[in-house]
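Topology and contacts: notes
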Amino acid sequence: AMFGTMYGIGFLISRFTLSVGTSVVEQLIFLFFDYLGSSNTMCGLTVAVTVMFEIPIFEYAPLMLQRFGLGPLLQISAIAYIVRVIGYTFIPQYHPALVLFLEPLHGVTYACATASSVEFASQYSPKGYEASGQGILSLFGGAGVFIGLLAGGLLGELFGPRVMYRCLAANVAFGAALFGFTQLYKKDNK
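In short, a report on the structure. Here the structure is a predicted model, which is why all the values come from computation and not from measurement.

What counts and what doesn't
Residues numbered from 1 in each chain as written. Predicted model: local features only at pLDDT ≥ 70, side-chain atom pairs only at ≥ 80, totals over all residues. Heavy atoms only, no water. Axes fitted to C-alpha atoms, helices over the stretch in contact; angles between N-to-C directions. Helix = DSSP H or I, 4+ residues; strand = E, 2+ residues; numbered from the N terminus. Parallel < 35°, antiparallel > 145°, perpendicular 65-115°, else oblique. Left-handed = near helix turned anticlockwise from the far one by under 90°. Contact = heavy atoms within 4.5 Å. Nonpolar A, V, L, I, M, F, W, Y, C, P; charged D, E, K, R; others polar. Phe/Tyr/Trp six-rings, centres within 6.5 Å; stacked < 30°, edge-to-face > 60°. Buried < 20%, exposed > 50% of the residue type's maximum accessible area, 1.4 Å probe, protein only. Lys NZ or Arg CZ within 6 Å of the ring centre and 35° of its normal. Core = buried A, V, L, I, M, F, W, Y, C linked by side-chain atoms within 4.5 Å.

At a minimum axis distance of 10 Å, the contact between helix α1 (residues 6–36) and helix α3 (residues 70–88) shows a crossing angle of 30°. With respect to each other, α1 and α3 are oriented roughly parallel. Of the two possible hands of crossing, α1 and α3 adopt the one that is left-handed. Between α1 and α3, the contacting residues are Tyr7, Phe11, Ser14, Arg15, Leu18, Gly21, Thr22, Val25, Ile29, Phe32 and Phe33 on the first element and Leu70, Gly71, Leu74, Gln75, Ser77, Ala78, Tyr81, Arg84, Val85 and Tyr88 on the second. When grouped by side-chain class, the residues that make up the contact of α1 with α3 number 13 nonpolar, six polar and two charged.

Attention now goes to the packing of aromatic side chains. This structure, assessed with the given rule, holds 14 aromatic pairs. Where tyrosine 7 meets phenylalanine 179, the ring centres are 5.1 Å apart and the plane angle is 50°; that geometry is what we call tilted. Pair noted here: tyrosine 7 is in helix α1 and phenylalanine 179 is in helix α6 (residues 161–188), with a separation of 172 residues, a long-range link. No difference in accessibility class separates tyrosine 7 from phenylalanine 179, as the two residues are buried. An aromatic cluster is built from Phe30, Phe32, Phe33, Tyr35, Tyr88 and Tyr165, whose rings are joined through pairwise contacts. It is arginine 166 that lies over the ring of phenylalanine 90; its NZ or CZ is 5.0 Å from the centre.

A few words now on the nonpolar core. Counting residues in hydrophobic clusters, the biggest one holds 44 residues, and the most contacted among them are Phe33, Tyr88, Phe120 and Tyr165. Of all the secondary structure elements, the ones that give two or more residues to this core are α1, α2 (40–68), α3, α4 (104–124) and α6. The biggest single contributor to this core is α1, with eleven residues. Discounting chain neighbours no more than four positions away, the residues touching phenylalanine 33 are Ser38, Cys43, Thr46, Tyr88, Val99 and Glu103.

Before going further, it helps to spend a moment on the environment of isoleucine 91. Relative to the helices and strands, isoleucine 91 is located in the loop between α3 and α4. Considered as a pair, isoleucine 91 and leucine 36 are 55 residues apart in the sequence and their alpha carbons are 7.9 Å apart. Dropping the residues within four chain positions of it, isoleucine 91 is found in contact with Leu36, Leu98, Val99, Leu102 and Arg162.

Everything listed here is a matter of coordinates, which is why it stays silent on function.
Put into structure tokens, the structure is as follows:
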């Protein structure tokens, strides 16, 4: 039951806050790269780098889930996101090539979040309702995208992209910390 345990609620909140953050990266990042002075070629190269890191993580996702579990995988995803966007905020203007050192973290964020979410829906949905569980996760993800783009656009407009990304990192950290506490609670109650 997704909503029947503190762990399930913590997972959903963390996944929601991660969706808030990733929506801004996925939809608005090229505006930030433009702000840094990036070319279209550089923007295209960043996509290639992210995909190069997603593919092997998806390949090894079953082993990672088996070894670490779905909770730690979502936490890895959140940490990768936080490091990536905080890193963006330290890149000096007119040095956009430095983003290439951070872009592999998108592959880690996306692949680990997706793998843990699919496993969560499988484990925490009633038998025969796994697709409905995926739908619930998609609902949380879609709401996160909406809120993320609304808040990200507002923060970016009012305070600039560096403050916006730091605020989004804090949001994701909040969700990850909350979920971390539910994981500790789950271990204490076994």
